[in-house]
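# Architecture at a glance
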Amino acid sequence: MSTPEQQPQTPPPTAVPETTRGTVEESAPASAEATPDLSDHPPTTSTSRWSRLSRGTVLAIGTALGAAVVGACWAGTSLACGEERTFSTDGTLTVAGIGVGLDPDEPCSGTNGYSDIDFGAQVSVTDAAGTLVAKGSLSFGKKTEQGCEFPFTVDDISPGSKFYTVEVSHRGGLTQTEDELRAGGLAFTLGD
């Protein structure tokens, strides 16, 4: 006689207790510790170094980094282009016939209707469109054979105009080309 084949038996499922809300939870093993209820406590987060700094400090750091990036980009662009961004010029303005009785190289200043021509008087440079592109000022005057001579320098002149007008104080301007301005050594005279 043949014996009936025996089939393996699977153990019956273990019962899982139900909670009061009607959901199923797994039983914790007896060796596990109970987890405390943290619903009343705020979550713990690690604080970064940045969060410990004041808002002003973070803004100052951000501003400094931004300025450094902009400066580096500007420098890189100007070096890559190989163009000169601005140029300078220099020259003298002589007020003829004043300073009589002064020794050569003795300090002098504008007189007799030229009182606006003195140390610090503005030297303006405008482009062909009449836009002010740079300004400088007269240095101290000194007595020469011709009168009283005031040297000047004007920096940061924007290139690219067909011509430029150089004016000292309100005395009217003299027209110069860019090449003439770049060469410097301009010599202007007021008076007889």
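Since the structure is predicted, the reported quantities are computational estimates derived from the model, not experimental observations.

Our focus in this paragraph is the pattern of salt bridges. Inspection of every chain in the model, using the stated rule, returns two salt bridges. For the salt bridge of Asp 116 with Arg 171, the shortest nitrogen-to-oxygen distance reads 2.6 Å. Of this pair, Asp 116 sits in the loop between strand 2 (107-108) and strand 3 (122-126) while Arg 171 sits in the loop between strand 7 (164-168) and strand 8 (173-176), placing them 55 residues apart in sequence. Here Asp 116 falls in the partly exposed class, since its relative accessible area comes to 23%. Taking the relative accessible area as the measure of exposure, Arg 171 reaches 29% and is therefore partly exposed. Across the pair Arg 182 and Glu 178 runs a salt bridge, and its minimum N-O distance is 2.9 Å.

Of the pairings in the sheet, the one linking strand 7 to strand 8 comprises four bridges and is antiparallel in character. The residue bridging Thr 165 from the neighbouring strand is Thr 175, located in strand 8. The antiparallel hairpin formed by strand 7 and strand 8 contains four residues in its connecting segment, where Ser 169 sits at a positive phi of about 55 degrees.

Moving on to the nonpolar core. Formed by 25 residues in total, the largest nonpolar core has its most connected members in Ile 117, Val 125, Leu 138 and Ile 157. When residues of this core are assigned to their parent elements, the largest contribution, five residues, is made by strand 6 (residues 147-157). Setting aside residues no more than four positions away along its own chain, Val 125 makes contact with Thr 131, Leu 132, Val 133, Ala 134, Val 154, Ile 157, Tyr 164, Thr 165, Val 166 and Leu 181.

Further remarks concern the packing of aromatic side chains. Taken as a whole, this structure holds three aromatic pairs when the rule is applied. Where Phe 119 meets Phe 140, the ring centres are 4.0 Å apart and the plane angle is 5 degrees; that geometry is what we call stacked. Linking Phe 119 in the loop between strand 2 and strand 3 with Phe 140 in the loop between strand 4 (132-138) and strand 5 (141-143), this pair joins segments that are 21 residues apart in sequence. Residue Phe 119 is classed as partly exposed on the basis of its relative accessible area, which comes to 48%. Overall, Phe 140 belongs to the exposed group, its relative accessible area being 59%. When the ring of Phe 152 is compared with that of Phe 188, the centres are 6.1 Å apart and the planes differ by 5 degrees; the resulting orientation is stacked. One end of the pair, Phe 152, is in strand 6; the other, Phe 188, is in strand 9 (residues 186-190), and 36 residues separate them in sequence. Accessibility assignment for this pair places Phe 152 and Phe 188 in one class, buried.

Reading the values: rules and limits
- Residues numbered from 1 in each chain as written.
- Predicted model: local features only at pLDDT ≥ 70, side-chain atom pairs only at ≥ 80, totals over all residues.
- Heavy atoms only, no water.
- Salt bridge = Lys/Arg side-chain N within 4 Å of Asp/Glu carboxyl O.
- Helix = DSSP H or I, 4+ residues; strand = E, 2+ residues; numbered from the N terminus.
- Buried < 20%, exposed > 50% of the residue type's maximum accessible area, 1.4 Å probe, protein only.
- Pairing = 2+ DSSP bridges.
- Core = buried A, V, L, I, M, F, W, Y, C linked by side-chain atoms within 4.5 Å.
- Contact = heavy atoms within 4.5 Å.
- Phe/Tyr/Trp six-rings, centres within 6.5 Å; stacked < 30°, edge-to-face > 60°.

Keep in mind these numbers describe shape, not what the thing actually does.
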